[in-house]
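Residue strings, one per chain:
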Amino acid sequence: MSPLAVWLSAIRPKTLGLSVSPVLTGTCLAWAETGDLQLLPALAALLAAVCIQVGTNLHNDAADGRKGTDGPDRLGPPRATAQGWLTATKVQRGAQLAYACAFVLGIYLVTVGGWPILLLGLVSLAAGAAYSGGPWPISATPLGELFVFLFFGLAATLGSYYLQAGQISPAALLAGAMLGSFAAAVLVVNNYRDRQTDARSGRKTLAVLLPPKASQVEYALLLLSPFLLLSYLYAAGLISWLPGLLLPLALYLVFRIFTLPAGKALNHLLADTARFQLVFSLVFCAALVL
């Protein structure tokens, strides 16, 4: 593999839609409600969110590589550190560079949004580092789904909305909850796939602590509950029926988690769930704009 291909593998580009979707949704929702679009803050927020996720992915790669969590029996896509493609030190430096870029972008965003954006940015950077680092990494606890729901859903959507509108609306809260649910569903697939290897390495995710059927039900609830919130937005006249057309696709994804064998077969479902969140966000934004 070329150096570029190795680094692309390490940052996990297939998952970056998780950071793009809430920024797009929050920005478009504010635009639809206020009639004003501040393009430069929107682009800076988008780049900062991607940088934080890239930093988190790289930090996770390096931390798991050092701990030996990703062994030869790993079911997910290969990790750069575990495969020996990159040293943990190099990957960690990549994470620090990504966080530094997010910090620089954050300085500009603070000049636009003030202290709420400063607080959100600092908490997001700290949470990204704590997800896999420290003595009690969040990724090894039952709090992983909650972390993803909060930071890849509510925080990113509300922060992007606030940068545009200078306030928070009930619709923004609901939109953040919808995207956070989809993002958490991605993690559910990841942890459900790795439940046996995680248990052997001492990780205590929800998938490890609960029966396999519970993870399947959790995934179904996370993937379908946003459509209930969407029906509220539709009934309130805040959005058209267009995103509801994606419900059959969500049902198909739920069908797959109940029928696919546990193991590597879930890798495609994980990627498809991440893509579903991005597609939902794009359709949601199109419905707002149109």
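Every residue gets a number counted from 1 within its own chain, in the order that chain's sequence is written. Residues qualify for local features only when their pLDDT is at least 70, as the model is predicted, and side-chain atom pairs are given and counted only at 80 or more; totals for whole chains, interfaces and linings, by contrast, use all residues. Heavy atoms from the whole structure form the basis of all side-chain values; hydrogens and water molecules are not counted.

J.: Quick one: what's the story with the packing of aromatic side chains, residue by residue and with numbers?
T.: Any two of the Phe, Tyr and Trp rings considered here, Trp counted by its six-membered ring, make a pair once their centres fall within 6.5 Å; the pair's planes then place it as stacked at under 30 degrees, edge-to-face at over 60, or tilted in between. The final tally for this structure, using the stated rule, is seven aromatic pairs. Clustering of aromatic rings is evident, with ring pairs tying together Phe182, Phe227, Phe276, Phe280 and Phe284.

J.: Mind laying out the nonpolar core, listing which residues take part and the relevant values?
T.: Tyr219, Leu223, Phe227, Phe276, Phe280 and Phe284 are the most contacted members of the largest nonpolar core, which totals 50 residues. Ranked by the residues each element gives to this core, the list is headed by helix H8 (residues 170-193), at 15 residues. When checking whether two residues touch, look at their non-hydrogen atoms; a contact exists if any pair is within 4.5 Å. The contact partners of leucine 223, leaving out residues within four places of it in the chain, are Phe182, Ala185, Ala250, Leu253, Val254, Thr273 and Phe276. For our purposes a nonpolar core is just a set of buried Ala, Val, Leu, Ile, Met, Phe, Trp, Tyr and Cys residues, chained together by side-chain atoms within 4.5 Å. Exposure is judged per residue with a 1.4 Å probe applied to protein chains only, and the accessible area is read against the type maximum: over 50% gives exposed, under 20% gives buried, and values in between give partly exposed. Numbering of helices and strands runs from the N terminus, with a helix taken as a DSSP run of H or I at least four residues long and a strand as a DSSP run of E at least two residues long.

J.: Describe helix H12 (residues 247-259), with residues and values.
T.: Along an α-helix, a turn takes 3.6 residues, which lines up residues three or four apart on a common side. The terminal C-alpha atoms of H12, which comprises 13 residues, lie 19 Å apart, in line with the 18 Å expected from a rise of 1.5 Å per residue. Taken together, the buried positions of H12 are Ala250, Leu253, Val254, Arg256 and Ile257. One side of H12 carries all its buried residues, which in axial view fall inside an arc of 155 degrees. In H12, those exposed residues whose orientation departs by more than 90 degrees from the buried face are Pro248 and Phe255. Looking at the buried side of H12, the elements it contacts are H8, helix H11 (212-235) and helix H13 (266-289). Here the expected span of a helix is defined as 1.5 Å times the quantity of residues minus one. Taken from the helix axis, the directions to the C-beta atoms give the arc we talk about.

J.: Can you lay out the confidence of the model for the protein chain for me, pointing to particular residues and giving the numbers?
T.: As a per-residue quantity, pLDDT reports the predictor's confidence and falls between 0 and 100. Overall, the prediction assigns the protein chain a mean pLDDT of 89, with 96% of residues at 70 or greater. Per-residue pLDDT, averaged within each element of the protein chain, yields its smallest value for helix H4 (residues 80-83) (81) and its largest for H12 (96).

J.: So, the layout of surface pockets: which residues are in play, and what are the values?
T.: The method works on a 1 Å grid over the protein atoms by themselves. A cavity is a set of points holding a 1.4 Å probe that cannot get out, a pocket is an open set with protein on both sides within 12 Å along at least five of seven lines, and residues with an atom within 4 Å of a point line them. Grid points are joined across faces, edges and corners, and a volume is the space filled by probe spheres set on the points. In this structure, the second largest pocket occupies an estimated 540 Å³ of space. What lines the second largest pocket is a set of 31 residues, among which Ala48, Ile52, Leu120, Gly121 and Ser124 lie closest to the centre. Here the lining of the second largest pocket is composed, by residue class, of 22 nonpolar, nine polar and no charged. Under this grouping Gly is polar, as are all residues other than the nonpolar Ala, Val, Leu, Ile, Met, Phe, Trp, Tyr, Cys and Pro and the charged Asp, Glu, Lys and Arg.

J.: Tell me about the environment of cysteine 285, and name the residues and values.
T.: In this structure, cysteine 285 sits in helix H13. The spacing of cysteine 285 and leucine 47 is 238 residues in sequence and 18 Å in space, taken between C-alpha atoms. Not counting residues up to four positions away in its chain, the partners in contact with cysteine 285 are Leu24, Thr25 and Cys28.

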